[in-house]
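Structure assessment
One letter stands for each residue in the lines below.
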Amino acid sequence: MTASQRGSVSPEAGAEETPRRPLGAARPRHGEKVVKGFLALCAALSVGVTIAIVVSLLTPTIGFFREVSVVEFLTGTQWSPGFARGEFGVLPIVVGTLTVVVIALLVAIPIGLLSAIYLAEYAPRRVRAVIKPALEVLEGIPTVAIGLFGLFLLRPLAEQIFPFMNWRGDFSIGVAGVAVGLLIVPLIASVSEDAMRSVPGGLREGAYALGANKMRVSLRVVFPAAISGIVAAVVLAMSRAIGETMIVLLVAGAGNPNLSFDLARGAQTMTAYIGGTATGDIATGTTVYNTIFAVGSLLFLMTLVVNLFAIRLVRRFREVYE
Amino acid sequence: MTTDKDAPISGEMPRNEGTDATAPADPGPDADGGPGTGGAAGTENLDSPLHLRPAELRGGGEVEHRDKVFELRKVSVSYGSHRAVGDVSMDVFQRNITALIGPSGCGKSTLLRCLNRMNDLVPSARVDGEVIYHGENLYGPRVDPVQVRKVIGMVFQKPNPFPKSIYDNVAFGPRTMGIKQNMDDIVEEALRGAALWDEVKDKLTSNGLSLSGGQQQRLCIARAIAVKPEVVLMDEPCSALDPIATLKIEDLIRQLKDEYTIVIVTHNMQQAARVSDMTAFFSVRTSEGKRTGELVEYDDTEKIFSTPADRRTEDYISGRFG
Ligand SMILES: Nc1ncnc2c1ncn2[C@@H]1O[C@H](COP(=O)(O)OP(=O)(O)O)[C@@H](O)[C@H]1O
Ligand SMILES: [Mg+2]
């Protein structure tokens with residue numbers, strides 16, 4: 001039936017010439033241009049915002065360096081820009097920031113990487129199904145909560161654990177570093193775990209087939225193969241630690257910029273200085289106002305250097321599989 | 001960790017020599033002569049392009065090559081409730097090349113991975129029946145799969161060199177076994193054994209992944225033999241390679257037979273005919289929508305390709321299989 005029908009239809013269709021379809025557009029497609037323009041605008045907006053941030057940082061920074069020499073700023077060891085005869089040596093708060101970053105990484109790298117290895121290589125599927133999302137939630141925990149936790153729990157706890165240290169006041173830069181470390185553990189763990197999971201299973205099998213045990217497979221094959229992702233995780237975490245404000249403001253305090261390197265006492269970091277000083281009653285154009293932006297620019301530069309360095313490192317260590 | 005030299009897996013070997021169901025009836029010295037035990041059916045098959053010269057070592061009086069390395073007794077492997085391959089009974093002989101052939105999905109890889117307990121890495125996999133290795137049950141309670149894999153190495157379908165230097169790739173296995181001395185010699189010997197030394201001796205520090213596919217696979221073979229295993233399992237080692245690289249690997253496999261017992265999975269029948277001494281043909285049985293692989297026929301390669309006993313084997317090797 002159908003076959004004969006079809007057979008009869010097709011010659012008719014052939015006879016009844018189908019009109020050739022025109023190749024020119026029926027009407028100009030304005031919609032397409034609008035969409036394209038809108039998308040371009042969005043892209044331009046994000047670039048524009050970034051440029052605006054840099055410019056807004058730069059203008060007051062330039063103003064600042066008209067009053068204070070770059071050398072004095074970068075090498076001075078006294079930091080008291082708020083006073084009438086202010087000192088503008090940024091080193092104390094740079095050291096404060098670096099202290100926090102180093103301690104945070106010392107805490108977070110081992111914990112984060114060991115968790116990542118556990119999750120990627122050892123954890124039973126069910127355990128992983130619980131812990132991995134939990135880590136991702138922890139990444140989004142408000143830093144003010146961690147700050148309070150640091151101030152009211154970690155700080156007294158630290159005094160009990162290390163009674164021989166020179167605890168004074170309510171603040172401690174060391175505890176602030178630990179608290180920031182806790183903040184970035186989930187980030188390091190989760191990103192490194194992704195990197196290790198994406199190592200092809202064939203590499204693991206190859207190592208197991210040589211009589212390697214699980215630890216050797218994890219540490220000597222999977223870990224090095226994932227190193228570029230792991231370095232990326234650490235750098236991301238480092239940028240986050242450099243820029244962290246709320247925790248250090250709460251736990252390390254905003255005052256007492258000093259070069260004492262005493263972990264048991266409060267100290268100021270660059271972000272804490274900015275966060276503590278930039279209140280509504282600062283007049284635009286004053287030296288203090290300009291100082292905030294100078295510190296901001298330096299912070300921006302430091303993060304930039306870390307990121308550039310990381311990109312090179314990742315390229316160098318990249319163990320490409322495939 | 002145990003560092004004892006005799007791996008616990010290779011204990012005494014009560015060997016079961018002498019006649020056995022699968023032993024060839026006719027030790028005809030000249031394989032090209034062909035007819036062997038075959039009757040009328042054999043003559044037909046001689047015209048087939050698939051009837052190629054089986055490997056050497058057909059020579060009479062070779063009792064040694066009939067020493068059993070593996071005895072499989074009613075081995076079945078299931079993934080969860082799916083039985084992938086069932087009731088396989090066959091013996092694998094020392095310094096023989098044993099080929100496993102059959103359509104895709106019939107469980108060749110699955111069975112092969114039982115022989116060095118790689119299936120232990122798949123949580124859902126379960127092995128029933130007995131795999132006897134030199135008289136010892138490979139799945140016995142005191143057998144450590146990690147030790148097993150040091151004695152029974154494996155080469156995979158897709159070349160999987162580690163993203164490390166050529167040297168470190170080869171040294172990985174020996175280092176896993178705790179060997180520290182004479183590493184240079186070990187690496188050289190393994191690379192020579194894998195017919196790769198001349199091509200890489202000047203670039204041992206370059207990444208294993210910089211080699212061509214065929215070289216990578218020979219690197220993987222070098223890596224496997226660097227630990228001096230007794231058996232090398234190969235899962236379609238040439239399927240990702242071009243014809244020239246394939247021929248090189250086949251040459252190499254034939255050479256390796258002098259020192260190693262080789263079990264090779266292939267779905268290239270000419271390859272099985274070219275390199276192997278014994279061939280096992282597997283097929284899939286479908287019942288109630290479940291596909292289970294089964295051993296159809298196991299015999300001398302010459303016999304399988306000239307006068308197969310089973311109709312399904314004949315159909316498969318003559319290309320009549322769908
Ligand atoms: N890791 C696994 N998990 C579950 N099923 C598997 C796994 N590996 C193989 N199988 C199943 O086992 C059967 C045999 O597969 P395989 O041994 O790879 O066959 P072959 O190597 O002969 O092509 C197939 O049905 C496949 O789907
Ligand atoms: Mg397979």
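In case you missed it, the structure is sitting above this.
As a starting point, this report considers the structure included with it. Fair warning: this is a prediction, and the values are worked out from it, not measured in the lab.

What follows deals with the packing of aromatic side chains. Overall, the coordinates contain ten aromatic pairs over all chains when judged by the stated rule. With a centroid separation of 5.2 Å and 70° between ring planes, the pair formed by phenylalanine 64 of chain A and phenylalanine 73 of chain A is classed as edge-to-face. Look at phenylalanine 64 of chain A and you get buried, because its relative accessible area is 0%. By relative accessible area, phenylalanine 73 of chain A is classed as buried at 2%. Ring geometry for phenylalanine 65 of chain A against phenylalanine 73 of chain A: centres 5.4 Å apart, planes inclined by 80°, an arrangement best described as edge-to-face. A relative accessible area of 28% means that phenylalanine 65 of chain A is categorised as partly exposed. Site record: aromatic cluster; members linked through ring pairs are Phe64, Phe65, Phe73 and Phe88 of chain A. Directly above the aromatic system of tyrosine 122 of chain A lies the positively charged group of lysine 214 of chain A, at a separation of 5.5 Å from the ring centroid. Above the ring of phenylalanine 172 of chain B, the side-chain terminus of arginine 216 of chain A is found at 4.5 Å from the ring centroid.

So, on to the nonpolar core. Looking at soluble globular proteins, one finds that nonpolar side chains tend to be buried together. Residue and element names in this part refer to chain B. Within the largest apolar cluster, 108 residues are counted, with the highest numbers of intra-cluster contacts made by Phe70, Leu72, Met90, Leu100, Ile152 and Phe282. Apart from residues lying up to four places away in sequence, methionine 90 is in contact with Phe70, Glu71, Leu72, Thr98, Leu100, Ala280, Phe282, Leu295 and Tyr298. In terms of nonpolar packing, the next biggest core, distinct from the first, is built from 47 residues, Ala99, Ile101, Tyr260 and Ile304 among them.

Residues and elements named next belong to chain B. Positive phi, close to 50°, is recorded for aspartate 87, a residue that is not glycine. Tracing the backbone shows aspartate 87 in strand S2 (residues 82-93). A residue is classified by how much of its surface remains accessible, and aspartate 87, at 45% relative accessible area, is partly exposed.

Our next topic: the sheet that holds strand S10 (residues 290-300) of chain B. All names here are of chain B. Strand order in the open sheet formed by ten strands is S5-S4-S1-S2-S10-S9-S3-S8-S7-S6, with mixed pairing between adjacent strands. Because the sheet does not close on itself, it has two edges, and the strands there are strand S5 (136-137) and strand S6 (152-155). Across ten bridges, strand S9 (residues 278-287) lies against S10 in antiparallel orientation. Its bridge partner lying in S10, alanine 280 is registered against tyrosine 298.

In this section: the site of ligand 1. Residues and elements named next belong to chain B. In the neighbourhood of ligand 1, the contacting residues comprise Tyr79, His82, Ala84, Ser104, Gly105, Cys106, Gly107, Lys108, Ser109, Thr110 and Val122. In this structure, glycine 107 approaches ligand 1 through a main-chain N or O atom, which is 3.0 Å from an oxygen atom. A distance of 2.9 Å separates an oxygen atom of ligand 1 from a polar backbone atom of lysine 108. For ligand 1, whose accessible area on its own is 560 Å², the fraction buried by protein is 63%. The set of elements that each furnish at least two residues to the shell around ligand 1 consists of S2 and helix H2 (108-114). Considering every element that reaches the shell around ligand 1, the biggest residue donor is H2, with three residues. Residue composition of the shell around ligand 1, by class: four nonpolar, six polar and one charged.

With that settled, consider the packing of helix H5 (residues 183-193) of chain B against helix H7 (residues 213-225) of chain B. Packed helices, taken two at a time, are described by the angle between their axes plus the distance between the axes. Residues and elements named next belong to chain B. Contact pair H5 / H7: the axes reach a minimum separation of 8 Å and the direction vectors enclose 130°. Put simply, H5 runs oblique to H7. Both H5 and H7 take part in a crossing whose hand is right-handed. Contact residues: H5 offers Ala190, Leu191 and Gly193, while H7 offers Leu219, Ala222 and Ile225. Taken together, the residues of the contact of H5 with H7 break down into five nonpolar, one polar and no charged.

All names here are of chain B. Taking every second residue as pointing to the same face, both faces of S6 are buried, with Ile152 and Met154 on one and Gly153 and Val155 on the other. Sheet topology places S6 next to strand S7 (residues 231-235); four bridges connect them, and they run parallel. Counted as the bridge partner of isoleucine 152 is valine 231 from S7.

Residue and element names in this part refer to chain A. The first and last C-alpha atoms of helix H5 (residues 125-139) sit 21 Å apart over 15 residues, in line with the 21 Å expected at 1.5 Å per residue. Listed as buried for H5 are Arg128, Lys132 and Leu135. Viewed along the axis of H5, the buried residues span an arc of 65°, placing them on a single side of the element. Among the exposed residues of H5, those oriented more than 90 degrees off its buried face are Arg126, Ala129, Val130 and Val137. In this structure, the buried side of H5 is in contact with helix H4 (91-122) and helix H7 (173-197).

Procedures and definitions
- Residues numbered from 1 in each chain as written.
- Chains lettered and ligands numbered in written order.
- Predicted model: local features only at pLDDT ≥ 70, side-chain atom pairs only at ≥ 80, totals over all residues.
- Heavy atoms only, no water.
- Phe/Tyr/Trp six-rings, centres within 6.5 Å; stacked < 30°, edge-to-face > 60°.
- Buried < 20%, exposed > 50% of the residue type's maximum accessible area, 1.4 Å probe, protein only.
- Lys NZ or Arg CZ within 6 Å of the ring centre and 35° of its normal.
- Core = buried A, V, L, I, M, F, W, Y, C linked by side-chain atoms within 4.5 Å.
- Contact = heavy atoms within 4.5 Å.
- Helix = DSSP H or I, 4+ residues; strand = E, 2+ residues; numbered from the N terminus.
- Pairing = 2+ DSSP bridges.
- Near = heavy atom within 4 Å.
- Polar contact = N/O pair within 3.5 Å; in protein donor to acceptor, adjacent residues only side chain to side chain.
- Areas by Shrake-Rupley, 256 points an atom, 1.4 Å probe, with all protein chains shown as cover.
- Nonpolar A, V, L, I, M, F, W, Y, C, P; charged D, E, K, R; others polar.
- Axes fitted to C-alpha atoms, helices over the stretch in contact; angles between N-to-C directions.
- Parallel < 35°, antiparallel > 145°, perpendicular 65-115°, else oblique.
- Left-handed = near helix turned anticlockwise from the far one by under 90°.
- Expected span 1.5 Å × (residues − 1).
- Arc of directions from axis to C-beta.

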